[in-house]
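What follows is each chain in one-letter form.
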Amino acid sequence: MSCLGDAVSYFSKYNMKVNGIIHVGAWHGDEIVDYISNGIKHIAWFEPQARCQEPLLKWQEPYADKANITIHPVALGNSNTEMEMNICNQFDMTSSLLEPSDIFYGEHPELKDKFTKETVEVYRLDEYDDINHVDYNCLAMDTQGYELEVLKGATDTLELIDYIFTEISNTELYKGTALIEDLDEFLTPRGFKRVETNWQGTGTWGDAFYIREKLL
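Rules of the game
- Residues numbered from 1 in each chain as written.
- Predicted model: local features only at pLDDT ≥ 70, side-chain atom pairs only at ≥ 80, totals over all residues.
- Heavy atoms only, no water.
- Core = buried A, V, L, I, M, F, W, Y, C linked by side-chain atoms within 4.5 Å.
- Buried < 20%, exposed > 50% of the residue type's maximum accessible area, 1.4 Å probe, protein only.
- Helix = DSSP H or I, 4+ residues; strand = E, 2+ residues; numbered from the N terminus.
- Contact = heavy atoms within 4.5 Å.
- Pairing = 2+ DSSP bridges.
- Polar contact = N/O pair within 3.5 Å; in protein donor to acceptor, adjacent residues only side chain to side chain.

**Q** Any chance you could explain the nonpolar core here in plain terms?
**A** Here is a general trend for soluble globular proteins: nonpolar side chains tend to be buried in one another's company. Within the largest apolar cluster, 43 residues are counted, with the highest numbers of intra-cluster contacts made by Phe 46, Leu 139, Leu 158 and Ile 164. When residues of this core are assigned to their parent elements, the largest contribution, four residues, is made by helix 6 (residues 180–187). Those residues in contact with Leu 139, other than ones at most four positions away along the chain, are Ile 22, Val 24, Leu 151, Leu 158, Ile 161, Tyr 163, Ile 164 and Phe 165. Listed in part, the 26 residues of the second largest apolar core include Met 16, Ile 40, Trp 45 and Trp 59.

This is the structure we're talking about:
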């Protein structure tokens, strides 16, 4: 899943002014071209999978003169701890801190028995000291159902955020998946409005875009 994709048009549609983006679940960082082309000066990649570090590193040198790009090989959640991450050896884009459910395997039977465990560090974004939080006003999340836990650990940081790109679900593809109504319930009282919703694949997952309501 890409947190941008067709959503690149939102930059002009909503007159977005993004100084920095925190991208949680960066995978290989394929959105870098879109981020740079839209003038984003601070890009913080959060990606705990060991196998994804080298693909992320390839972006730093070519764009070093255009943006401050940092790579953080940790996961984000609502506690500072270690967790066992479920790593898909065949398609690591589907790796998650949550276990795949029977629904997931019903849609992807070819991935049955393709997951292994990898111990990763998890931090609350509010307590993560390796970035200057005030440099960032956009949050992107591609965490395979773990989005609500990321948000719970970022309540202070959210006060600095104007825009949120996120993966969404309407069924438990992973055990304990945060559903779209859970994200709405958390973000609405904090001043965000969901303005774009795009269901993809089989219609059980997709992407959404939230914007701070006062900017509309």
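Continuing now.
**Q** What is the right way to read the environment of Cys 138 from this model?
**A** Secondary-structure assignment places Cys 138 in strand 7 (residues 138–141). Separated by 20 residues in sequence, Cys 138 and Glu 118 have C-alpha atoms that sit 29 Å apart. If we skip the residues at most four places from it in the chain, Cys 138 touches Val 18, Gly 20, Ile 21, Ile 22, Ile 161, Tyr 163 and Phe 165.

**Q** I keep staring at the environment of Arg 190 and nothing clicks. Help me out?
**A** Relative to the elements of secondary structure, Arg 190 occurs in the loop between helix 6 and strand 9 (192–200). Separated by 51 residues in the primary sequence, Arg 190 and Leu 139 have C-alpha atoms spaced 14 Å apart. Excluding residues within four positions of it along the chain, Arg 190 makes contact with Thr 155, Leu 158 and Arg 212.

**Q** Hey, could you run me through the sheet that holds strand 6 (residues 115–123) in this one?
**A** Within a beta sheet, neighbouring strands are joined by backbone hydrogen bonds and run either parallel or antiparallel to one another. As summarised here, the arrangement of the three strands in space is 4-6-5, forming an open sheet in which the pairing is mixed. In the strand order of this sheet, the two ends are held by strand 4 (75–76) and strand 5 (81–88), each with one partner. In the sheet, strand 4 pairs with strand 6 via two bridges, with the strands oriented parallel. Across the sheet, the residue bridging to Ala 75 is Val 122, located in strand 6.

**Q** I keep staring at the side chain of Asn 86 and nothing clicks. Help me out?
**A** Tracing the backbone through its elements, the reader meets Asn 86 in strand 5. Judged by relative accessible area, which is 5%, Asn 86 ranks as buried. Side chain to side chain, Asn 86 and Lys 117 meet in a polar contact 2.6 Å long. Apart from residues lying up to four places away in sequence, Asn 86 is in contact with Ser 95, Ser 96, Leu 97, Leu 98, Glu 99, Pro 100, Phe 115, Thr 116 and Lys 117.

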